[in-house]
Amino acid sequence: MPTELVLLGTAGAPMPVAGRAGIASALIVDGRVFVVDCGRGSPSAFVEAGLDFAHLEAVFITHLHADHVGDLPGMLLYPWGVRVSDAGPVPPIRVYGPGRPEALPDGDAPFHRVTTINPDLPGPGTTDLVRSILSGYAYHLNVMPLDARMPDAGALVRPIDISVSAWPEAASRAPIVVFEDGTVRVQAIPVTHGHAVPALAYRFDTSDGSVVFSGDTTVNADLIALAEGADILVHCVADLGYLERHGTTGAELAGMAALHTDVTEVGGVAERAGIGELILTHYLPADPEAITSGDWARRAGRGFSGKATAGTDGLRRGLSTRREHSDDRVG
């Protein structure tokens, strides 16, 4: 079975839109499933893709904005009762993601907070988030085992913080290995996403090839270094010109430019990294009717000698198949 990429959802930003699920992807390696981000609708998209929750091993969170973690509770809790095999309950789902930031960022001149939520811990990390999910759903987790045969709730999930302090302030940062077992190797690197610190990109290396997920970022030299030579780069994309024409101006437009990579720049990122195929995701605007897939791909492919693909919900790529057809790449 080749390593296979599945886009579960491709919409950017928290606001739901018709026709696109929230941001989430899956990588299947020898039947094992690894999910990257859990946006709106990701558990349903997981099932629609024919994936088995009993084979879900780990979730990798790029950052803790709501559009990337909003359906993490569902990914953990909805399939709780079926996470069993012939040998009994399967191991806990591991959830990797950013640890606590050293400090909550201050507001800048155009924008500021009115209320600071949870002032005792205003900047929780991934482990804090998972613990809060379990605490918030304690009733369900404590009562359901009395009415149905359920695996031990204490073995449901294991969160793992990726330490912010692992990357000292420097002109460039080296990736760190966050998971490796001889079959799959996962590396992470911080990227630039406004005040969201840290925001992470991930690279998955398998015997079939490599897939890199940019997370949300502007053009970032460390991401380019992480992605060097990968078969596929799954990269966020925005059309800042479209947003400006439709009323996003001034400080708001500048803020969007500090959060995402414009469609005119993403091809250059892929070219510098020597990627085989660039697959677009996390669209802004998210509405599928706003910009055609052909236009996204055409504009993203400028300056890129590989294949540029406008990702869609449910898109699949088999890595060994993609390598066999590498001569078919088009700009």
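Residues numbered from 1 in each chain as written. Predicted model: local features only at pLDDT ≥ 70, side-chain atom pairs only at ≥ 80, totals over all residues. Heavy atoms only, no water.

### A few points about helix 9 (residues 263-273)
Phase 1: Listed as buried for helix 9 are Val263, Val266, Gly267, Val269, Ala270 and Ala273. Buried residues of helix 9, seen end-on, are gathered within an arc of 155 degrees and therefore sit on one face of the element. Exposed side chains of helix 9 directed beyond 90 degrees from the buried face belong to Thr264 and Arg272.
Phase 2: Residues of helix 9 that are buried make contact with helix 6 (221-226), strand 13 (232-238), strand 14 (277-284) and helix 10 (293-300).
Phase 3: At the exit of helix 9 stands glycine 274, carrying a positive phi of roughly 70 degrees. (Buried < 20%, exposed > 50% of the residue type's maximum accessible area, 1.4 Å probe, protein only. Helix = DSSP H or I, 4+ residues; strand = E, 2+ residues; numbered from the N terminus. Arc of directions from axis to C-beta. Contact = heavy atoms within 4.5 Å.)

### Considerations on the pairing of strand 14
Phase 1: When you tally the buried positions in strand 14, you get eight out of eight residues, the bulk of the element.
Phase 2: When strand 13 meets strand 14, the two strands line up parallel, connected through seven bridges. Across the sheet, residue leucine 233 finds its bridge partner in strand 14, namely leucine 278.
Phase 3: Where strand 14 and strand 15 (residues 307-310) come together, four bridges link them in parallel fashion. Bridge pairing links leucine 278 to alanine 308 in strand 15. (Pairing = 2+ DSSP bridges.)

### Brief notes about unusual backbone geometry
Phase 1: Each neighbour pair has its own omega, and for valine 197 with proline 198 the value is -5 degrees, a cis peptide bond.
Phase 2: Note on placement: proline 198 falls in the loop between strand 10 (185-191) and strand 11 (199-206).
Phase 3: Across the junction of leucine 284 and proline 285, the peptide omega takes the value 5 degrees, indicating a cis bond.
Phase 4: In this structure, proline 285 sits in the loop between strand 14 and helix 10.
Phase 5: Even without being a glycine, alanine 13 presents a positive backbone phi close to 75 degrees.
Phase 6: Here alanine 13 lies in the loop between strand 1 (4-9) and strand 2 (24-29).
Phase 7: Of note, the phi angle at asparagine 118 is positive, near 50 degrees, even though the residue is not glycine.

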